[in-house]
Amino acid sequence: MMAALTRRRAIQLLAVGSGGIALLGLYTWGFEPHWLEFTYSDLPVKGLPSELEGKTLAQISDIHVGPQVDDEYVIDSLQRVAQLAPDFVVFTGDFVTYRHPRQLEQLSRVLIFFPQGRLGTVGILGNHDYGLNWHMLEVANHVTTIAASAGITMLRNEAATFAGLQFLGLDDLWSPCFAPQSLLAAKGQDPSTIVLCHNPDAADLPVWGQYNGWILTGHTHGGQCKPPFLPPPILPVRNKHYSAGRFELSGGRTMYISRGVGHLLRVRFNVRPEITVFRVRAA
Ligand SMILES: [Fe+2]
């Protein structure tokens, strides 16, 4: 009698456990990867022209158009940004997960919906935009052309100024084109400047000269899965502190790491996808 009860209890527990695991799987695969969160933050910029006080800047990162992320989800996310009518839109890398040239056609179709900032729209490349092993220059050039056709001013170790706000766009750290020194030396001390840089590890390299402003980054996806109260176990960065959010760095620099919109493998747990809306202020 006792043995039968214990066996029945064990089967019940197993059923509850399996159900829990199935639910967790459904959540991490089917729900959280598309549960976009808009986050809001101030962005104090030194030397900001007074007419830009209070303007909005939307940061979109890591949409990863390709075989893993649903186009409808990305398009919906882009349209939600457009509805906010931000003054500036910045994209901080990883337009695609490149496996095949057809991803470039896919990107062209999705980027039709890329929101335009009222004052400026600017973007940089990430490692995945350089194709396999981050070294396919022809893929990077093609992604750049597609993004430019979608109205994004693409910066590859270049600067662009919109309505008095200057953006310095660095090419990707893991690509063959990471060479920010001369740009940062020439423009890093200009007032009213924001740096876009895909990989937060670049912040630890001795390339920043006198730059003492904001660095907007992505790349980590926040680790995609994170146990409560603990750091994410998998982060594609050398500096394991760089998961997501705001970091005060040496030399007066401040970095923001976006959790990004898309994913590599379709799993997210406790790390919702993110689009950040900053309010630009004079520092
Ligand atoms: Fe990414």
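Quantities reported herein were computed from a predicted structural model and do not represent experimental measurements. (Residues numbered from 1 in each chain as written. Predicted model: local features only at pLDDT ≥ 70, side-chain atom pairs only at ≥ 80, totals over all residues. Heavy atoms only, no water.)

Q: Describe helix H2 (residues 71–84), and please don't skip the residues or the numbers.
A: Between its first and last C-alpha, H2 extends 20 Å over 14 residues, near the 20 Å set by a 1.5 Å rise per residue. Every buried residue belonging to H2 is among Asp71, Tyr73, Val74, Ile75, Ser77, Leu78 and Val81, and all of these are buried. Tucked inside the fold, the buried residues of H2 contact strand S1 (37–45), strand S2 (56–60), helix H3 (102–111) and strand S12 (274–282). Downstream of H2 by one or two residues, Ala85 has phi in the positive range, about 50°. (Helix = DSSP H or I, 4+ residues; strand = E, 2+ residues; numbered from the N terminus. Expected span 1.5 Å × (residues − 1). Buried < 20%, exposed > 50% of the residue type's maximum accessible area, 1.4 Å probe, protein only. Contact = heavy atoms within 4.5 Å.)

Q: Describe in detail the coordination of the iron ion, supporting the description with residues and values.
A: Surrounding the iron ion are the protein donor atoms Asp62 (OD), His64 (NE2), Asp94 (OD) and His221 (NE2), which sit 2.1 to 2.3 Å from the metal. Each of the four donor atoms around the iron ion contributes to a set of angles spanning 85 to 175°, which defines the coordination as irregular. Counting residues between consecutive donors of the iron ion along the chain gives the motif D-x1-H-x29-D-x126-H. Of the two residues, His64 is situated in the loop between S2 and H2 and Asp94 in the loop between strand S3 (88–92) and H3; the sequence distance between them amounts to 30 residues. Looking at His64, the relative accessible area reads 0%, which means it is buried. Residue classification places Asp94 among the buried positions, given a relative accessible area of 1%. (Donors = N, O, S within 2.8 Å, 3.2 Å for Na, K, Ca; no water. Tetrahedral: all angles 85-135°; square planar, octahedral: opposite > 155°, others 65-115°.)

Q: An account of the packing of aromatic side chains is requested, with residue identities and associated values reported.
A: Going through the model one piece at a time under the given rule, you end up with twelve aromatic pairs. Each ring, one from Phe31 and one from Trp35, has its centre 5.3 Å from the other, and the planes form 45°; the classification is tilted. What makes Trp35 partly exposed here is its relative accessible area of 34%. Consider the rings of Trp134 and Trp174, whose centres lie 6.0 Å apart with planes at 35°: the pair is tilted. Of this pair, Trp134 sits in the loop between strand S4 (120–124) and helix H4 (137–149) while Trp174 sits in the loop between strand S7 (165–169) and helix H5 (181–187), and the two are 40 residues apart along the sequence. Taking relative accessible area as the criterion, Trp134 reaches 25% and is therefore assigned partly exposed. (Phe/Tyr/Trp six-rings, centres within 6.5 Å; stacked < 30°, edge-to-face > 60°.)

Q: Could you give me a rundown of H3, with the residues and numbers involved?
A: The complete set of buried residues in H3 reads Gln103, Leu104, Gln106, Leu107, Val110 and Leu111. One side of H3 carries all its buried residues, which in axial view fall inside an arc of 155°. Packing partners of the buried residues in H3 comprise H2 and H4. (Arc of directions from axis to C-beta.)

Q: Run through the pattern of salt bridges, naming residues and quoting values.
A: Evaluated as defined, the whole model comprises eight salt bridges. Between Arg281 and Glu53 there is a salt bridge, with the nearest N and O atoms lying 3.5 Å from each other. Of this pair, Arg281 sits in strand S12 while Glu53 sits in the loop between S1 and S2, and the two are 228 residues apart along the sequence. You can call Arg281 partly exposed: its relative accessible area is 30%. As a salt-bridge pair, Arg156 and Asp171 come within 3.2 Å of each other at their nearest N and O atoms. Of the two residues, Arg156 is situated in the loop between strand S5 (153–154) and strand S6 (158–162) and Asp171 in the loop between S7 and H5; the sequence distance between them amounts to 15 residues. Given the relative accessible area of 3%, Asp171 is considered buried. In the salt-bridge network here, residues are joined through shared partners; they are Glu37, Arg259 and Glu274. (Salt bridge = Lys/Arg side-chain N within 4 Å of Asp/Glu carboxyl O.)

Q: Pulling in residues and values, what's your account of the sheet that holds S1?
A: Strands pair in a sheet through their backbones, by hydrogen bonds, and they do so in one of two ways: parallel or antiparallel. The strand order across the open sheet built from six strands is S1-S12-S2-S3-S4-S5, with neighbouring strands paired in mixed fashion. Both outer strands of the open sheet, S1 and S5, are each paired with one neighbouring strand and no more. (Pairing = 2+ DSSP bridges.)

Q: How would you summarise the packing of H3 against H4 if you had to cite specific residues and measurements?
A: Closest axis-to-axis distance for the H3/H4 pair is 9 Å, and the angle between their directions is 20°. Relative to H4, H3 is oriented roughly parallel. As for how H3 packs across H4, the hand of that crossing is right-handed. Residue-level inspection shows Leu104, Leu107, Ser108 and Leu111 of H3 in contact with H4, the latter providing His142, Val143, Ile146 and Ala147. Among the residues forming the contact of H3 with H4, the class breakdown is six nonpolar, two polar and no charged. (Axes fitted to C-alpha atoms, helices over the stretch in contact; angles between N-to-C directions. Parallel < 35°, antiparallel > 145°, perpendicular 65-115°, else oblique. Left-handed = near helix turned anticlockwise from the far one by under 90°. Nonpolar A, V, L, I, M, F, W, Y, C, P; charged D, E, K, R; others polar.)

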